[in-house]
Each structure stands twice: as C-alpha cells, then as structure tokens.
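Now for the letters of each chain:
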Amino acid sequence: MSGRIYLDFNASTPICPEAVEAMRPFLFEHYGNPSSLHWAGMPAKDAVERARGQVAGLLGCDPTEVVFTGGGSESNNHAIKGVFFANRDRGDHIITTAVEHPATINPCRFLEKLGAKVTVLPVDRFGMVDPDDVRKAITSKTILVTIMHANNEVGTIEPIPGISAIAREAGIPFHTDAAQTVGKIPADVEELGVDLLSVAGHKVYAPKGIGALYIREGVKIEPFVHGAGHEAGRRAGTENVLLAIALGAACDAARKWVGMPKVRDLRDRFWEELRGIFGEKVTLNGHPTERLPNTLNVNFVGKAGAEILAMLPGVAASTGSACHAGSVTLSPVLAAMGVPPGEGMGAVRFSLGRTTTWEELEEIIEFLGA
C-alpha cells in the first residue's frame, strides 16, 4: 500500500483543531486552581464552566448536570457503582446486556461480589436488545438499567427511547454508555429519556483522559471520588482544566458533524464495492440500517480477520476475533449475536471518520480485490 490509512475511529480519534486552539492558552497561562477565588484561579474556573456549557449544549441538558470525569470508563463506573451504593436501601438488581463494553460489564461483575444481582439480557442477530426483555427482567429490587446507546464493534444503535420509557414507568434510573454516539448521531438526553449518560473525550475528537457524565437533576448517586467537594460534590479532585476545555471545544465543534451524511455515504459505497468483489464471501455484522453512520463490521468468510489486516499493513483497523494457538475466538459481542464462528473468525471493523476519503477506501478495495 502507498501509505498509512486510519480506519479505527471507533477506537480513538485525532484531536480536532478547535480543541487544540482552545487548550493553547492554558498550556502557558491561566495556571491557577479553579477553586481559588483570585486573579489566577478565576480564568480557570470560567473556562471550565464555559466548557461544561459546551458539553451540555451537545447533550441538550443543563450545565449543572454535567460532571467532568477521567474518561468513558470512569463515567460508566461512576454511573453504575454510584447508583448501586446510593440505593442499597431500595434494592440490589441491575439490568444490562451481553454486548456492553467491558467498562460496563466489569463494574457490574465487581458489584456482584458485593451482593448485586445482575441480569444480562440477550440480543438478536443484529446485536439489538428487545425492550420487552427489559420489561420482563424488572423486579421490585431493580435499581438500575444500563444499556449502551450504540455498540462499539458492530455499530448497532439500541432502541434507547423505548427502553428508557419502560424504566421511567417503573421508577428506575436508566444509564446509557454513549461513548460511540456523541458527535456522530443525536444524543439529546431528553429525546433519549435517560437519567445518566457517559461521554468519552477521545471518541469525539478531544484528548484521551477526559470524559463527562450527565446526571439528571434529582438522581440519587454516590460520588465516585470522595474529597474536597469539587464538581458540586460529585467528583472530588482539582479539575483537569486543560482537558475539560478541550472536551468542551470538541463537543461544540461536533454539533455540525452530527448525522455524518458524507461519512455514511462513503461507508455504504465501500460496502457495496466489497460485496461486488466478494459476493457471498463477505457478510455484514450489525443492523443493516440502525447502525452508526461510520461503522462497517464485515466478515471475510473462511478467512481470519488478523490475516486480512496483516495483508493490509498500512491500514489501522480492528478485528472481532482473536487467534490463540491455532484456534479462533470470537469477541463476546459477535458471540452474543450468534455469528457463526466460520464467519466471525473473519470479522474486520472499518470505522470511518471526518478525515476519511474515498481515495483511501478505493486503495483498500483494489488491494483486497487483487
């Protein structure tokens, strides 16, 4: 291949120019503590609050409902553990799905050691959960439903508004991991009907190490970090001013990208070309229509995903299978979807981004075709 092609935007994104420019003054000036009420601290505090408003603007919530975190994993941990610890008098039951990110599954597994009861719901062949399964799983002890907005591997968008309505009817807080959707598709908290929503900075063209958690006013939740009462008492620790500003600027810039029609067109054209070359030897993972506009997860039937990527040394993409001592193991997501091992072993995820060009995709098509 002629050069490097990046098609792993679901794993991480470059930092957008708006975020870079917003951070620049805070690398050299405005070094005060945002909790300090003097000339050095106030510019930092003002900048953090401006950034909080920018995040809230993208999510459609009040700025007071946004907590800055250390990233998407922390946001998920705060939502899940925070609700559990704050509601132990009400119950101990959590509902989730088999296709969640480890940053959701593993906190649930941890809480099982402390007495939590966790129901893991199945998904269909497209990776979608049935809202009726959520309704049936609710008990008098259920204190949280946590279901991702869209899957990171196959891109399937879950029916969150329908599920959140069921949770609200039962008086149960509902959390969604929106790391993959914020900035790609609408993630308005009122339209989704959620009580808690996780944001990961490095999936929305902000730096790594910063995220946010939307907490609807009135939701009972324990602080994730105890200390001096920063973030309105919800997360102690002096705010990461530099990265909070970057996340705010990235969320503000993302507003014009929501929907990603040009990226969707590239993705669909890429898929049609692959089908034209390989026919039935290439199959799609994820929902055919209810899917992230940038995500294409395909199986090269009879091949191993790692082998395909090894043939494309200049391409940064990912596979949904792992090779161990000659055998191939499907990812938990593909396994939960019931993808046959003979297909899923050849899974490759191409996740496109704002900078992806047709020339890049065409080069991959020509290389694979040859």
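The sections below set out a description of the structure shown in this document.

Each value, and the rule that gives it
- Residues numbered from 1 in each chain as written.
- Predicted model: local features only at pLDDT ≥ 70, side-chain atom pairs only at ≥ 80, totals over all residues.
- Heavy atoms only, no water.
- Helix = DSSP H or I, 4+ residues; strand = E, 2+ residues; numbered from the N terminus.
- Rg over C-alpha atoms; globule rule 2.2 N^0.38 Å.
- Buried < 20%, exposed > 50% of the residue type's maximum accessible area, 1.4 Å probe, protein only.
- Contact = heavy atoms within 4.5 Å.
- Areas by Shrake-Rupley, 256 points an atom, 1.4 Å probe, with all protein chains shown as cover.
- Lys, Arg positive; Asp, Glu negative; His and termini not counted.
- Charge placed at Lys NZ, Arg CZ, Asp CG, Glu CD.
- Pairing = 2+ DSSP bridges.
- Axes fitted to C-alpha atoms, helices over the stretch in contact; angles between N-to-C directions.
- Salt bridge = Lys/Arg side-chain N within 4 Å of Asp/Glu carboxyl O.

1. A look at the overall build of the protein chain
Right, on to step 1. Secondary structure assignment for the protein chain yields 15 helices and 15 strands.
Right, on to step 2. Its C-alpha atoms give the protein chain a radius of gyration of 21 Å, near enough to 21 Å, the size a compact globule of 370 residues would have.
Right, on to step 3. With 370 residues in all, the protein chain has 55% of them scored as buried.
Right, on to step 4. Considering only contacts within the protein chain whose residues lie at least 6 apart along the sequence, 73% involve residues at least 24 apart.
Right, on to step 5. Total accessible area computed for the protein chain in this model is approximately 15,300 Å², and 56% of it derives from carbon and sulfur atoms.
Right, on to step 6. For the protein chain, the distance from the average site of its 35 positive side-chain charges to the average site of its 43 negative ones is 3 Å.

2. A look at the environment of Thr-181
Right, on to step 1. Within the secondary structure, Thr-181 is located in the loop between strand 6 (174–177) and helix 8 (189–192).
Right, on to step 2. Taking relative accessible area as the criterion, Thr-181 reaches 0% and is therefore assigned buried.
Right, on to step 3. Residues Thr-181 and Ala-150, spaced 31 residues apart in sequence, show a C-alpha to C-alpha distance of 6.4 Å.
Right, on to step 4. Non-local contacts of Thr-181, meaning those with residues more than four positions away in its chain, are made with His-149, Ala-150, Ala-187 and Leu-292.

3. Describing the sheet that holds strand 15 (residues 347–351)
Right, on to step 1. An order of 9-10-15-12 is seen for the four strands of this open sheet, with the pairing classed as antiparallel. The open sheet has two edge strands with one neighbour each: strand 9 (282–285) and strand 12 (318–319).
Right, on to step 2. Of the strand pairs in this sheet, strand 10 (residues 295–300) and strand 15 are connected by five bridges, and their pairing is antiparallel. Counted as the bridge partner of Leu-296 is Phe-350 from strand 15.
Right, on to step 3. The strands touched by helix 11 (residues 261–278) within the sheet are strand 9, strand 10 and strand 15, with strand 10 carrying the most contacts at an inclination of about 10°.

4. A short note on the pattern of salt bridges
Right, on to step 1. Scanning the model with the defined rule gives 18 salt bridges in all.
Right, on to step 2. As a salt-bridge pair, Arg-349 and Asp-8 come within 2.8 Å of each other at their nearest N and O atoms. Highlighted residues: Arg-349 in strand 15 and Asp-8 in the loop between strand 1 (5–6) and helix 1 (17–23), separated in sequence by 341 residues.
Right, on to step 3. Between Glu-18 and Lys-256 there is a salt bridge, with its nearest N and O atoms 3.4 Å apart. With Glu-18 in helix 1 and Lys-256 in the loop between helix 10 (241–254) and helix 11, this residue pair connects regions lying 238 residues apart in the sequence.
Right, on to step 4. Using a relative accessible area of 34% as the deciding quantity, one classes Glu-18 as partly exposed.

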